[in-house]
Amino acid sequence: MDWYKKSIEEVVKELDTDIKSGLNDEKIQSSMEKYGENALEEKKKKSMAAKLKDQFLDPMIIILLLASILSIAIGEITDSVIIIAIVIVNAILSIYQEGRAEQAIEALQKMASPKAKVIRNGKITEVDSQDVVPGDIVELETGDIIPADLRLIESTNLKIDESSLTGESVAVEKDASDNIEEDAGIGDRTNMAYSSSIVSYGRATGVVVATGQETEIGKIATSLSQVEDEQTPLQKKLAQLSKQLGIITVVVCIVVFVVGYFVHQIKALEMLMTAVSLAVAAIPEGLPAIVTIVLSLGMGRMAEKNAIVKKLLAVETLGTTTVICSDKTGTLTQNEMTVKKIYVDGTDVDVTGTGYKPEGEYLIENEKMQEDDIKSLHTLLHIMSLTNDSKLIEEQGTYKIVGDPTEGALLTAAGKKDITKEDVNEKYPRIEEIPFDSERKMMTTFHDNFISDSTVSFTKGAPDIIIEKCSRVLLDNEIKPMTEEIKQKLLAKNSEYARQALRVLAYAFRKHEQLPDEITSEKIEDEMIFVGLSGMIDPPREEVKDAIKECKSAGITPVMITGDYLETAVAIAKDLGICQDESQAIMGAELNNMTDEQIREIVKEKRVYARVSPQNKVQIVTALKENGNIAAMTGDGVNDAPAIKKADIGIAMGITGTDVAKNTSEVILTDDNFATIVNAVEEGRIIYSNIKKFVSFLLSCNIAEILIVFLAILFNWDTPFIPIQLLWLNLVTDSFPAMALGVEQGEPEIMNRPPRSPKEPIIDKNMRMSIVVQSLAITVATLFAYHYGLDHFDGHIESARTVAFATLIISELLRSYSVRSEHKSVFQIGVFSNKALVLGTSVSLLLMLAVIYIPGVNVVFETIPLHLEHYKVILPLSILPFAAGEILKAIKSKKA
């Protein structure tokens, strides 16, 4: 319901309450029964059984379980136990943190105000915020967290910090008397106060119009629970690969069984045994575990670079990102208002430094200002400090503001000239004041002895109003008449600053012989002496410009999505290089009346979205995804949470981020630095490149194993390998080199490439060619070794199998060196430059020797100790696949 459009009388009548006495006990009980507690609903968490069920529905896992059952049926208990162990270990490794929406809702609940001051039965009482009901009359003062959505009844100089809800960096002025008839976004509903926002100035009374799930923050919680978790690109590709391998395995097993049983008249039990061997050979059992381990290592490296990745597969998704949607406040900017410009004595003064730390220079035309250059600056800075209710405090070297951020910026600017609020208040204590209100848009304070023995009133406020109220002007510390020419010049300067998206304030004073008897705006804030202007902005983070450039060179489009005003957003975006002009910007309200198709077209061109609601953010991210982009969303506020969850990759700020944003995201930046995203994207690209390398390695080995067994059956030979040998190959021998490939150093030009298409299969054209050549080479080498063993080593099946076993393993280990680069020879990148691979292949070789030579172990694996004459056959044949791979790369490089 649009409560902001209703008058106070209508709201009070509709909620059946009383402004003076509030609700009585009967109405409180009735409302509690009707609306429930002022708390957010919890989403049912996914059970462990449901998570395990998801793991066991994977096609590769189903085939392994069927193979295990067949192994039991034919008496191969050892094989069956090993297969089941693989499945269980894989499930444990693959279950990671789920239920981020539930955690986000818990964080939202924690944000609720623990206590609220309400009028009930004609008395002010303090209650738990969860006990507040619609119709309650709530009293607010500076520092209060608002317990529910309120329609304001009365307000005095009220300002509310809604940055975590709307993204607007400046506290919003509120006025209970405002009548709003047209549709307005949350940030423009000046007669409303929203749950979990904070009163930064003034006081007010309001009537509760919505509690719990019906509040604006409750709607965000609802949208979080409604946004479904989606598979990452890597998940989709691995699932697709798993399905394809499953189909191929079933088909090949059926063909082999039919050929063996019906053509070669082999016994059914023996053919079942062969089918199990083929199933085991076809499935890269180690792949899921290796992917998990490699992604975990990537998580560790990212954490060292200030990016904590909460969800394993999000590591790879970062590398596919094509669009980064960023909130402005606190992400691209510092969320600390800073005075950048001062206009005094007819001169523009630039103020350096950012944030609340009182360090910086005053420059005139890029030259450091001398003390005598601007004579009236001393007066201006004193007015900034004295007409100020905020405090600048330092804690362990970090400066922060208690109170209004705008006033905090003024204290910081004065502090850069060693003028502190404590010193000036001690010298010129405030003896009276006319508080700020939104109608006058001014604030005035009175002080003694600033000018000789007289009393002076200092005024700050909206420039157009103060300029009109001034009859004189301070120039070079001399009071002169305010001519029409000077007035127009001041108004023009105000407009110039406003066009730069600066928040402009004006300063004036008036001298009194003594403290006036009648202290009213009409009597005091008139016939004043104009002193100067200040322009402030929430400045961009210094390192973000370079990060934006890197994004663009990597083919990633940066987009700003903010709740702030259009002019401010465009100014920051142009400064950072996100957009070129206002034509690339749009207001969130314009999206409300568009169809999904229209929004999909809009997002192709626009780079800045201003005054957006949480729902608008989700619309934008959804449209980008529907256009085929991989969208990342960064942010720190409650208002960012639904879009963070909807995005392919959600990124939250670790320092300024709310718990909601952090718990909804997949990645948290511990340094709140947009630039860290670029490092994370690079790491993601390297990880994906490495995943492709070990997938290529494992598949070429598995396909070779299938071909070896399949062709042996067609040739009516005995099966070259038993299931336990193939399991050992796939799980142990292949896994160590595969993991080592997962930590291969990234190629230098990886961030100069455009993002790969999200639709690009994990096995692309180059990889297919490499897999085909290597698989055929390994198959030929191994079958030749097996046949040679059958002919030359007494026709002993264990001898021939052991020769084939050793040939296959050494071939695969050499293959791991060749697969390190798609284009460059292993001799170009350095044979031993990947120390992990040298260690991994050495361990695999030792394990091969162990199952061949250790008594007892070789009995289980049905191998025999090999002699020198065996290796004269094994080693030359093992080198052939490696040579084929290197020759293929040389041919491709020559063509390129």
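Residues numbered from 1 in each chain as written. Predicted model: local features only at pLDDT ≥ 70, side-chain atom pairs only at ≥ 80, totals over all residues. Heavy atoms only, no water.

Peer 1: Can you break down the sheet that holds strand E25 (residues 608-610) residue by residue, with the values?
Peer 2: The strand order across the open sheet built from eight strands is E8-E28-E27-E26-E9-E23-E25-E24, with neighbouring strands paired in mixed fashion. Looking at the sheet topology across the chains shown, the edges are occupied by strand E8 (307-309) and strand E24 (585-587). Strand-to-strand twist across the sheet, computed as the mean angle between neighbouring axes with direction ignored, equals 20°. Relative to strand E28 (residues 667-669), strand E27 (residues 649-653) runs parallel, the two being bridged by three bridges. Directly across from Met-653, in E28, lies its bridge partner Leu-669. The sheet contacts of helix H21 (residues 566-576) involve strand E23 (557-561), E24 and E25, and relative to E25 the element is tilted by about 155°. (Pairing = 2+ DSSP bridges. Helix = DSSP H or I, 4+ residues; strand = E, 2+ residues; numbered from the N terminus. Axes fitted to C-alpha atoms, helices over the stretch in contact; angles between N-to-C directions. Contact = heavy atoms within 4.5 Å.)

Peer 1: Go over the nonpolar core, please, and point to the residues and values.
Peer 2: What tends to happen in soluble globular proteins is that the nonpolar side chains get buried as a cluster. By size, the foremost hydrophobic cluster in this structure holds 87 residues, and its most contacted members are Phe-530, Phe-674 and Phe-694. Per element, the largest residue contribution to this core is 15 residues, and it comes from helix H27 (residues 674-714). Those residues in contact with Phe-530, other than ones at most four positions away along the chain, are Ile-466, Ile-467, Cys-470, Arg-472, Val-473, Leu-474, Met-482, Leu-490, Ala-506, Tyr-507 and Ala-508. By size, the runner-up hydrophobic cluster in this structure holds 34 residues, among which are Ala-409, Leu-505, Tyr-507 and Phe-509. (Core = buried A, V, L, I, M, F, W, Y, C linked by side-chain atoms within 4.5 Å. Buried < 20%, exposed > 50% of the residue type's maximum accessible area, 1.4 Å probe, protein only.)

Peer 1: Tell me about helix H24 (residues 614-626), residues and numbers included.
Peer 2: Between its first and last C-alpha atoms H24 spans 19 Å; for 13 residues at 1.5 Å apiece the expected length is 18 Å, and the two agree. When we look at burial in H24, the residues that qualify are Pro-614, Asn-616, Lys-617, Val-618, Ile-620, Val-621, Ala-623, Leu-624 and Lys-625. With its phi angle positive at about 95°, Gly-628 sits one or two positions after the end of H24. (Expected span 1.5 Å × (residues − 1).)

Peer 1: Provide a residue-level description of unusual backbone geometry, including the pertinent values.
Peer 2: Phi angles above zero are rare outside glycine, and Asn-157 is one such case at about 50°. Checked against the element boundaries, Asn-157 lands in strand E4 (residues 149-161). Positioned with a positive phi, Lys-441 is a non-glycine residue whose angle comes to about 60°. On the secondary structure map, Lys-441 appears in the loop between strand E16 (430-437) and strand E17 (442-448).

Peer 1: Any chance you could break down the environment of Asp-18 for me, citing the residues and the numbers?
Peer 2: Positionally, Asp-18 belongs in the loop between helix H1 (8-14) and helix H2 (25-35). Taking relative accessible area as the criterion, Asp-18 reaches 35% and is therefore assigned partly exposed. Remark: the alpha-carbon pair of Asp-18 and Ile-119, spanning 101 residues in sequence, is separated by 9.4 Å. Of the polar contacts made by the side chain of Asp-18, one reaches the backbone nitrogen of Lys-20; its length is 2.9 Å. Polar side-chain contacts of Asp-18 include one of 2.8 Å to the backbone nitrogen of Ser-21. (Polar contact = N/O pair within 3.5 Å; in protein donor to acceptor, adjacent residues only side chain to side chain.)

Peer 1: Account for helix H31 (residues 797-818), with residues named and values stated.
Peer 2: Between its first and last C-alpha, H31 extends 31 Å over 22 residues, near the 32 Å set by a 1.5 Å rise per residue. When you tally the buried positions in H31, you get 20 out of 22 residues, the bulk of the element.

Peer 1: Before we move on, could you go through the packing of aromatic side chains and cite the residues and values that matter?
Peer 2: Geometry of an aromatic ring pair is reported as the spacing of the ring centres plus the angle between the planes. What the rule picks out here adds up to seven aromatic pairs. Ring geometry for Phe-257 against Tyr-261: centres 5.7 Å apart, planes inclined by 15°, an arrangement best described as stacked. In this pair, Phe-257 and Tyr-261 both sit in helix H9 (residues 233-263), four residues apart, roughly one turn of the helix. What makes Phe-257 partly exposed here is its relative accessible area of 25%. The partly exposed category is assigned to Tyr-261, whose relative accessible area is 35%. Ring centres of Phe-450 and Phe-458 lie 5.0 Å apart, and the angle between their planes is 85°; this geometry places the pair in the edge-to-face category. Note on Phe-450: relative accessible area 15%, which makes it buried. (Phe/Tyr/Trp six-rings, centres within 6.5 Å; stacked < 30°, edge-to-face > 60°.)

Peer 1: Let's hear about the pairing of strand E9 (residues 323-327): which residues, and what values?
Peer 2: Put simply, side chains in a regular strand alternate between the two faces of the sheet. Within E9, five of the five residues are buried, which leaves the element mostly enclosed by the surrounding structure. Because side chains alternate across E9, one face comprises the buried residues Val-323, Cys-325 and Asp-327, and the other comprises Ile-324 and Ser-326, equally buried. In this structure, E9 lies alongside strand E26 (residues 631-635), joined through four bridges in parallel fashion. By the bridge assignment for E26, Cys-325 is matched with Met-633.

Peer 1: Explain the side chain of Lys-341 to me, and be specific about the residues and the numbers.
Peer 2: As for its placement among the helices and strands, Lys-341 is situated in strand E10 (residues 338-344). A polar side-chain atom of Lys-341 sits 2.8 Å from a polar atom in the side chain of Asp-350. Discounting chain neighbours no more than four positions away, the residues touching Lys-341 are Val-349, Asp-350, Tyr-497, Gln-500, Leu-502, Leu-533, Ser-534 and Gly-535.

Peer 1: With reference to specific residues and values, describe the pairing of strand E1 (residues 115-120).
Peer 2: Pairing between E1 and strand E2 (residues 123-128): six bridges, direction antiparallel. Bridging across to E2, Lys-117 finds its partner in Glu-126. Turn length for the E1-E2 hairpin, with the two strands adjacent in sequence and antiparallel, is two residues, and the turn residue Asn-121 shows positive phi of about 55°. Relative to strand E3 (residues 137-141), E1 is paired through three bridges, and the arrangement is antiparallel. Looking at E3, one finds that Val-118 is bridged to Val-138.

Peer 1: Requested: an account of the confidence of the model for the protein, with residues and values cited.
Peer 2: Per-residue confidence for the protein gives a mean pLDDT of 84; residues scoring 70 or more make up 89%. Across residues 96-113 the pLDDT falls below 50, and counting only partners more than four positions away or on other chains, this stretch makes 55 contacts in the model. (pLDDT = per-residue confidence, 0-100.)

Peer 1: So what's going on with the packing of helix H30 (residues 765-792) against H31? Which residues, and what values?
Peer 2: At a minimum axis separation of 8 Å, H30 and H31 run at an interaxial angle of 155°. Taken as axis vectors, H30 and H31 run roughly antiparallel relative to one another. Of the two possible hands of crossing, H30 and H31 adopt the one that is right-handed. Here H30 contributes Ser-770, Gln-774, Ile-778, Ala-781, Thr-782, Ala-785, Tyr-786, Gly-789 and Leu-790 to the contact with H31, which in turn contributes Ile-797, Ala-800, Arg-801, Val-803, Ala-804, Thr-807, Leu-808, Ser-811, Glu-812 and Arg-815. Grouping the constituent residues of the contact of H30 with H31 by class yields ten nonpolar, six polar and three charged. (Parallel < 35°, antiparallel > 145°, perpendicular 65-115°, else oblique. Left-handed = near helix turned anticlockwise from the far one by under 90°. Nonpolar A, V, L, I, M, F, W, Y, C, P; charged D, E, K, R; others polar.)

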